[in-house]
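# Structure at a glance
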Amino acid sequence: MIETKKSFCRFCHAYCAIEVDIEDNRAVEVRGDASDPIYGGYTCIKGRHLDDQHNHPDRIRSTQRRRPDGTFEAIGSEQALDEIAAKLTTILEERGPRAVALWGGAGGALMSLSISGDWLRAIGSPSFYSGATIDQEAKPVAQSMHGKWDAGAHPFEDADTWMLIGANPVISMWGGIPHQNPWKRINDARKGGLKLIVIDPRKTECAKRSDIHLQVKPGEDATLLAGIIRTIIEEGLYDADFVQANVQGFEELRETVADFTPDYVEERTNVPAALMQEAARTFAAGQRGRVTSGTGLDMQPRGTLHEYLVLALNTITGRWLREGEEVPNPYVLLPGRTWRAQTEELDPLLPKDSALESRFRGLKHNDGQFPANVLADEILTPGPEQVRALFVMAGDPAVSIPNHDRVVEAFKNLELLVTIDWRMSATAKLSHYVVACKLSLERPDVTMLPEAVAETYGHGGYTVPYAHYTPALIEPDFDVIQEWELFWGLAHRMRTPMTFRGKPLDIDKKLTSDEMFDVMMEGSRIPFEEIKGTRGGRLYPDASIRVEAREPGKDARLNVGFGRMMEDLREVRGEPLTGGAALEPGEEYSHRLITRRMRQVFNGMGQQIPELMEKYSYNPAFLSPFDLRALGLEAGDIVEIASKHGAIRGVVESDDTVPSGVISMAHSWGDSVEREENTFRTWGSNTNKLVSFDEDFDPIYGMPRMTSLPVNIRKLEGVEAG
Ligand SMILES: Nc1nc2c(c(=O)[nH]1)N[C@H]1C(S)=C(S)[C@@H](COP(=O)(O)OP(=O)(O)OC[C@H]3O[C@@H](n4cnc5c(=O)[nH]c(N)nc54)[C@H](O)[C@@H]3O)O[C@H]1N2
Ligand SMILES: Nc1nc2c(c(=O)[nH]1)N[C@H]1C(S)=C(S)[C@@H](COP(=O)(O)OP(=O)(O)OC[C@H]3O[C@@H](n4cnc5c(=O)[nH]c(N)nc54)[C@H](O)[C@@H]3O)O[C@H]1N2
Ligand code: SF4
Ligand SMILES: [Mo]
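Residues numbered from 1 in each chain as written. Chains lettered and ligands numbered in written order. Predicted model: local features only at pLDDT ≥ 70, side-chain atom pairs only at ≥ 80, totals over all residues. Heavy atoms only, no water.

On to the site of ligand 1, then. The environment of ligand 1 is formed by 31 residues, the closest being A106, S400, D421, R423 and E483. At a separation of 3.1 Å, an oxygen atom of ligand 1 approaches a polar side-chain atom of W103. At a separation of 3.4 Å, a nitrogen atom of ligand 1 approaches a polar side-chain atom of R597. Contact with the protein chains covers 96% of the free accessible surface of ligand 1, which is 920 Å². Elements supplying a minimum of two residues to the shell around ligand 1: helix 16 (397-400) and strand 16 (416-421). Along the lines of polarity and charge, the residues of the shell around ligand 1 split into 12 nonpolar, 11 polar and 8 charged. (Near = heavy atom within 4 Å. Polar contact = N/O pair within 3.5 Å; in protein donor to acceptor, adjacent residues only side chain to side chain. Areas by Shrake-Rupley, 256 points an atom, 1.4 Å probe, with all protein chains shown as cover. Helix = DSSP H or I, 4+ residues; strand = E, 2+ residues; numbered from the N terminus. Nonpolar A, V, L, I, M, F, W, Y, C, P; charged D, E, K, R; others polar.)

Okay, the environment of G236 next. Within the element layout of this structure, G236 appears in the loop between helix 8 (221-234) and helix 9 (240-246). Here the alpha-carbon distance between G236 and A284, two residues 48 residues apart in the chain, equals 9.7 Å.

Take empty space enclosed by the protein next. The full count for this structure, using the stated rule, is 6 cavities of 30 Å³ or more. Size it by volume and the largest cavity reaches roughly 690 Å³. Within the residue set of the lining of the largest cavity, elements represented by two or more residues are helix 5 (138-146), strand 8 (148-149), strand 13 (291-293), helix 14 (303-316) and helix 19 (448-457). Tallied by class, the residues present in the lining of the largest cavity amount to 22 nonpolar, 15 polar and 7 charged. Along its surface, the second largest cavity is lined by C9, F11, C12, A14, Y15, C16, Y42, T43, C44, K46, G47 and M173. Looking at the lining of the second largest cavity, its residues break down into 9 nonpolar, 2 polar and 1 charged. (1 Å grid on protein atoms, 1.4 Å probe; cavity = no way out; pocket = protein on both sides within 12 Å on 5 of 7 lines; lining within 4 Å. Points joined across faces, edges and corners; volume = space filled by probe spheres on them.)

Here is the structure:
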């Protein structure tokens, strides 16, 4: 008999509300839940194939242990935990806690991220690494220099203008447009008069729906943003009252952007001066709405400066909520708080003198982690600080991080590599133990991540007070565990006293997942019992929660002229112009490689599911039809793409959304490691062989140039690709 149950999809962070048909303890069909108040039945192709992920023939149904000959054998999870705990005890005794590291990946739920971090702290190790430092760490770092407006920003719902930079929400479910059916959101809002401005080198799905598209040259957003800010200031289009009452550093900003004249901006960014000015005027003329951004802005060098300019632009145009306004999302699962029309001054997230140093490139521990930049070197380089054991939780760093070859060499060098995943990822294949995990429909969960993400990144979560609790829908009859059980199981065996969310965790009595959530949700604005008792997603509005007045004595101001950022901007103005794709005069590069997200996958997730691979089973190298002709190429041809740091092979595809001189490709493809060189039609090409941590990286969190990367493209004849 088929039974239909409500849940939410966790293939990506959008958490769409779904209905799942279950037959004999197996998911057989997944569709959107049309009754949900905010998703309204929306899903994407990945979500509709969630059942194929759960029932995948290659799914690992028990923990795998590596044999000396490199093959794997199934063992029980309890035995694996005994063995891992024993090995770890030896490493900790011989080397100390810093030798044990953790990679927190993008496939993890909030609970697993929380407990894995708590466990690492409990064993005394600072060696936490995650995708954040090769993603959008620029956002919290920039905010720490600018300050935080306690009441939050204008929501999308009542916006009359929106500016989207380096983000493509209709594909990524990220970047500032609410992630519940962003396609429809944009169309409906534009019908209501919204003016959408998109800044992206590519005519993306969002750019096609914009009123103004600034097709910036990759890597030149600092100049473009400075030009927009200059236009707004020079023409007196800023919110003078807000600036006077709440802002500092305005004169420094005005002086620093003064040299970014429209002509200079046009010459450097390829955006016509008049169009840049029109975008600035259109944005400033709006009363509601804001500028938001995605990875395209942050993966260039100077991501922090870019995000700082985004904040400055929002601030000088007064895009923050004022006293008396209703708080759009006063949170549901996070604790309730007051929302005030005042600035919270933050401690700048610059590595402190006292912070632990990595041994490489002057990078330090910051914001609770070491930069991904140094992970491979910390493993490979002998010394008392050397990392000898690594836990990979819901990530695949063997393909997702730059300096691919060095990362693979490092992982092979570890004494203990433990990965928890549902499949044999590239990292799993290099591991000593691969702990088989439960998948989303097999565990209870809550929609807390979108609330927490909004706190950290300023957008990306819910803009309305929505929450959804789902019980586990399926009870697997094979030996899979949840991530938290791995870390609890180690603490239990190694007698490590630990806390969970700041409260002592009993390491002798194992709670259930639901009981763990009870601990996690203590203090939620709406009692967790009420949320748990509700089937499906629901809104928990409270119109009485309004932005309150500034507290007496709270006189901090939002800072739009932070010294270090102004210095960086002056440095940008001093850079030589190259005209072409090269960064330095005299270098020869024909194209800049830019990042891209593909609808069918979420980073490396989905590449294993045949139903998702019908259009592309690899990541094409998208080029403009003009460039294809100029290079003597046809769609389907094989090319070599070479940066200063490495070369890959790929399959070209014609794409008229890509401008000439640009190549657009998705990351986290290529699988592994021991593959034949020419399997890129099956497995894709790993762009992280082109990116290097060694130069051109952010000095605060080590993120290298991952977009706007100069490359050359060459046709390869006679290469057979599988
Ligand atoms: N060149 C280049 N590199 C990039 C980027 C880029 O744009 N260009 N983007 C960067 C960004 S933004 C990110 S976030 C990182 C991502 O880097 P990672 O987080 O390291 O990579 P993912 O592919 O997201 O890995 C997710 C893993 O989780 C597994 N998984 C899925 N569901 C579950 C589950 O329920 N439990 C467990 N335990 N595992 C699960 C998947 O099988 C997959 O192996 O990559 C970064 N790397
Ligand atoms: N379907 C799908 N969804 C995903 C993912 C996925 O792999 N697939 N990955 C998830 C992850 S981990 C993340 S972090 C988010 C990211 O979400 P987004 O940041 O929205 O990611 P993208 O869709 O790649 O959009 C980035 C845009 O930046 C543009 N860009 C590249 N270089 C430049 C530049 O120099 N300047 C400017 N102005 N723009 C530039 C690209 O053309 C692209 O359109 O998406 C998440 N959602
Ligand atoms: S956008 Fe797609 S993958 Fe993401 S949660 Fe919704 S259905 Fe799942
Ligand atoms: Mo990401």
